[in-house]
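For reference, the chains in residue letters:
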Amino acid sequence: DMETGKVTFTNADIIKQGLAAEGKMALYGIYFDTGKATIKPESKTQLAEMAKALNASPNLKVFIVGHTDNQGTLATNLSLSQQRAEAIVQALAKDYKFNPARLSAKGVANFAPVASNTAEAGRAKNRRVEMVVQ
């Protein structure tokens with residue numbers, strides 16, 4: 001991960017390596033306001049790196065998977081995580097001219113945490129987007 005001010009993003013080479021080695025890559029450089037699915041401007045660097053990684057592998061198809069923490073109801077988090085994943089697919093298609101047929105948006109709410117949701121540090125890790133090889 002690279003840090004630019006407050007924005008942390010994963011570069012295209014690391015994304016490609018993660019997808020090749022693990023079949024997935026967790027990304028933390030895409031930002032939304034609480035309870036919303038509108039991508040914040042400081043997410044552009046991460047979106048550009050995602051597009052670079054995808055363009056480097058023209059046959060690669062991925063799921064864009066939205067994850068949330070456990071705050072709020074499950075129904076709300078399922079809907080929100082799906083809307084956020086769809087917003088990312090739309091941004092990659094519109095702003096980076098990426099073929100949306102190679103992407104599939106999925107929202108999984110808080111079904112797959114990577115840390116405990118009992119404290120903010122863990123919840124922050126759980127709020128993420130993953131690229132998963134189809």
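The coordinates are above.
So, here is what we can say about the structure in this document. (Residues numbered from 1 in each chain as written. Predicted model: local features only at pLDDT ≥ 70, side-chain atom pairs only at ≥ 80, totals over all residues. Heavy atoms only, no water.)

Overview of the environment of Thr8
Consideration 1: Residue position: Thr8 is located in strand S2 (residues 7–9).
Consideration 2: The exposure class assigned to Thr8 is partly exposed, which follows from its relative accessible area of 21%.
Consideration 3: A sequence separation of 57 residues divides Thr8 from Val65, and the C-alpha atoms of the two residues are 19 Å apart. (Helix = DSSP H or I, 4+ residues; strand = E, 2+ residues; numbered from the N terminus. Buried < 20%, exposed > 50% of the residue type's maximum accessible area, 1.4 Å probe, protein only.)

Focus: the pattern of salt bridges
Consideration 1: Summed over the entire model, instances satisfying the criterion amount to 8 salt bridges.
Consideration 2: Where Glu49 meets Lys52, a salt bridge forms, and the shortest distance between an N and an O atom there is 2.9 Å. Of this pair, Glu49 and Lys52 both sit in helix H2 (residues 44–55), 3 residues apart, roughly one helical turn.
Consideration 3: The shortest N-O distance in the salt bridge between Arg127 and Asp69 comes to 2.6 Å. Of the two residues, Arg127 is situated in the loop between helix H4 (120–126) and strand S6 (129–133) and Asp69 in the loop between strand S4 (62–66) and helix H3 (74–95); the sequence distance between them amounts to 58 residues.
Consideration 4: Overall, the relative accessible area of 33% leaves Arg127 in the partly exposed class.
Consideration 5: Residue Asp69 is classed as buried on the basis of its relative accessible area, which comes to 8%.
Consideration 6: Taken together, the shared-partner salt bridges connect Asp69, Glu120, Arg123 and Arg127 into one network. (Salt bridge = Lys/Arg side-chain N within 4 Å of Asp/Glu carboxyl O.)

Things to note about the side chain of Arg123
Consideration 1: Secondary-structure assignment places Arg123 in helix H4.
Consideration 2: A polar atom in the side chain of Arg123 sits 2.9 Å from the backbone oxygen of Asn117.
Consideration 3: Ignoring anything within four residues of it in the chain, the contact list for Arg123 reads Asp69, Asn70, Gln71, Ser116, Asn117 and Thr118. (Polar contact = N/O pair within 3.5 Å; in protein donor to acceptor, adjacent residues only side chain to side chain. Contact = heavy atoms within 4.5 Å.)

Topic: the pairing of strand S5 (residues 103–107)
Consideration 1: For S5, the tally of buried residues reaches 4 of 5 residues, placing the bulk of the element in the interior.
Consideration 2: Pairing between S4 and S5: 5 bridges, direction parallel. Looking across to S5, one finds that Val65 is bridged to Lys106.
Consideration 3: Regarding topology, H3 serves as the crossover connection from S4 to the parallel S5, and that connection is right-handed. (Pairing = 2+ DSSP bridges. Right-handed = clockwise from strand over helix to strand, strands pointing away.)

Some remarks on the layout of surface pockets
Consideration 1: By volume, the largest pocket is sized at about 610 Å³.
Consideration 2: As for the largest pocket, its lining consists of 25 residues, and the residues nearest its centre are Phe32, Asp69, Arg84, Arg127 and Arg128.
Consideration 3: Contributions of two or more residues to the lining of the largest pocket are made by H3 and H4.
Consideration 4: Ranked by residues supplied to the lining of the largest pocket, first place goes to H3 with 6 residues.
Consideration 5: A class-by-class count of the residues in the lining of the largest pocket yields 10 nonpolar, 8 polar and 7 charged. (1 Å grid on protein atoms, 1.4 Å probe; cavity = no way out; pocket = protein on both sides within 12 Å on 5 of 7 lines; lining within 4 Å. Points joined across faces, edges and corners; volume = space filled by probe spheres on them. Nonpolar A, V, L, I, M, F, W, Y, C, P; charged D, E, K, R; others polar.)

A short note on the pairing of strand S3 (residues 24–27)
Consideration 1: Because side chains alternate across S3, one face comprises the buried residues Met25 and Leu27, and the other comprises Lys24 and Ala26, none of which is buried.
Consideration 2: Strand direction decides the pairing type here: S3 and S6, joined by 4 bridges, are antiparallel. Across the sheet, the residue bridging to Ala26 is Glu130, located in S6.

Considerations on the packing of H2 against H3
Consideration 1: The contact between H2 and H3 brings their axes to 10 Å, and the two run at 70°. The orientation of H2 with respect to H3, classified from their angle, is roughly perpendicular. As for how H2 packs across H3, the hand of that crossing is right-handed. Facing Leu47, Met50, Ala51 and Leu54 of H2, the residues of H3 in contact are Ile88, Ala91 and Leu92.
Consideration 2: Residues that form the contact of H2 with H3 fall into these classes: 7 nonpolar, no polar and no charged. (Axes fitted to C-alpha atoms, helices over the stretch in contact; angles between N-to-C directions. Parallel < 35°, antiparallel > 145°, perpendicular 65-115°, else oblique. Left-handed = near helix turned anticlockwise from the far one by under 90°.)

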